[in-house]
Amino acid sequence: MSPITLGIESSCDETGIALYQMGRGLLSHALYTQVAMHNEYGGVVPELASRDHVRRITPLIRQVLREANVSSDQISAVAYTQGPGLGGALLVGASVANAFAFALDIPSIGIHHLEGHLLSPLLSDPAPEFPFVALLVSGGHTQLMRVDGVGQYTLLGETLDDAAGEAFDKSAKLLGLGYPGGPELAKLASKGRSGIYKLPRPMLHSGDLEFSFSGLKTAVLTLVRQSNNDDQTKADISFAVQEAIIDVLAQKALAALVQTGLNQLVVAGGVGANKLLREKLSRDIGKRGGKVFYPDLEFCTDNGAMIAFAGALRFAQQQDKKDYRFNVKPRWNLQEIVLQY
Ligand code: KG4
Ligand code: ZN
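Residues numbered from 1 in each chain as written. Chains lettered and ligands numbered in written order. Predicted model: local features only at pLDDT ≥ 70, side-chain atom pairs only at ≥ 80, totals over all residues. Heavy atoms only, no water.

Attention shifts here to the site of ligand 1. Ligand 1 sits among 18 residues. The nearest are Gly139, Asp169, Gly182, Gly270 and Asn274. One of the side-chain N or O atoms of His117 is found 3.1 Å from an oxygen atom in ligand 1. When the free accessible area of ligand 1 is taken as 560 Å², the share hidden by the protein chains comes to 87%. Elements that contribute at least two residues to the shell around ligand 1 include exactly helix 4 (113-119), helix 5 (164-174) and helix 6 (181-189). (Near = heavy atom within 4 Å. Polar contact = N/O pair within 3.5 Å; in protein donor to acceptor, adjacent residues only side chain to side chain. Areas by Shrake-Rupley, 256 points an atom, 1.4 Å probe, with all protein chains shown as cover. Helix = DSSP H or I, 4+ residues; strand = E, 2+ residues; numbered from the N terminus.)

Next up, the structure:
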């Protein structure tokens, strides 16, 4: 029987658990989102997040085992998100993963959260083939990477300040919308009108692949202060925010394809769930003969499947490593893991 990997994701406000089997694919997965709990506070409260992971994690592991009809002694490795993320939240997943692996006498594998996102489009059908360019757009990161294989990642450009998801979230907060702001703002933007407001597109013509989004929130703040903020105005501002962010992301992604001479773009991370971004990328890149790949919507935002999958690929490379000493890495540059491979 080919190896089965249990994946545990607990880096932020989602507890994600999954079982992945090489050759067969995803056997089962489960997700508990804490969004409703944090919504009350307008953002993630780290201590509450950790405590909730503690409550959810073991029942979810039992659930995925039951649903896949797999017993714990059939598992070959346990993969968990080692970072980046919230320290306490990461510790919950890392502790459970290492205890579980120790009890079963199997390897535990720490996974970089962004590597999980980066490889998640490979779970879909059709999947991209190496090499490709990845646009990683999450709540904490905005990066363009060249991906030549598992563990072979070259940074092409990234944000100098706020991430794209952060720009969505902060703008949404200024507009008085709920948390997380991205999907809320996108929903309201669908009622907004084009051309009412024009927001800056920082670094659009910088000639490189860097991004900057912090000026956008200042511009939104000014607009919010100047306007009456009735429902239509808020929708119009949301429209302009979404349009500005998407414009920059799409143009830079296209520039990355031109620069590398590659023709496949993979979009990963929570902002990749944005419908308009998907449409614009597919249209603009399709026109130039390129192809865009997205993870299935449920695997765009944080989930256990991407961690189980990245763990399975890693397990295939280092079968016998059993070391249950662990640390978590709340801040962790993806470039560092390239050296480990
Ligand atoms: O990858 P992710 O789930 O968590 C991190 O690793 O950060 O990304 C979360 C981010 C949040 O900023 C959220 O507002 C944004 O993804 N997001 C969206 C949409 N869905 C999630 N942004 C725009 N449009 C969406 N539909
Ligand atoms: Zn994420």
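This part takes up the domain arrangement of the protein chain. Splitting the protein chain by domain gives domain 1 (4-118 + 300-340) and domain 2 (126-294). The gap between the C-alpha centroids of domain 1 and domain 2 is 27 Å. Here domain 1 and domain 2 share an interface that buries about 1,700 Å² over both sides, 67% of which is from carbon and sulfur atoms. It is Leu114, Leu118 and Cys300 in domain 1 that bury the most area against domain 2; as a group they hold 34% of the surface buried on that side. Here domain 1 is connected to domain 2 by zero salt bridges. (Domains from an automatic or database assignment. Buried area = accessible area lost by both parts, 1.4 Å probe. Salt bridge = Lys/Arg side-chain N within 4 Å of Asp/Glu carboxyl O.)

This next bit is on the nonpolar core. Core analysis: the largest hydrophobic core is formed by 43 residues, its most contacted members being Leu135, Leu249, Leu265 and Leu281. If one sorts the elements of this core by residue count, helix 8 (residues 231-260) sits on top with 13 residues. Setting aside anything within four residues of it in sequence, one finds Leu281 in contact with Leu135, Ala250, Ala253, Leu265, Val267, Gly286, Val292 and Tyr294. (Core = buried A, V, L, I, M, F, W, Y, C linked by side-chain atoms within 4.5 Å. Buried < 20%, exposed > 50% of the residue type's maximum accessible area, 1.4 Å probe, protein only. Contact = heavy atoms within 4.5 Å.)

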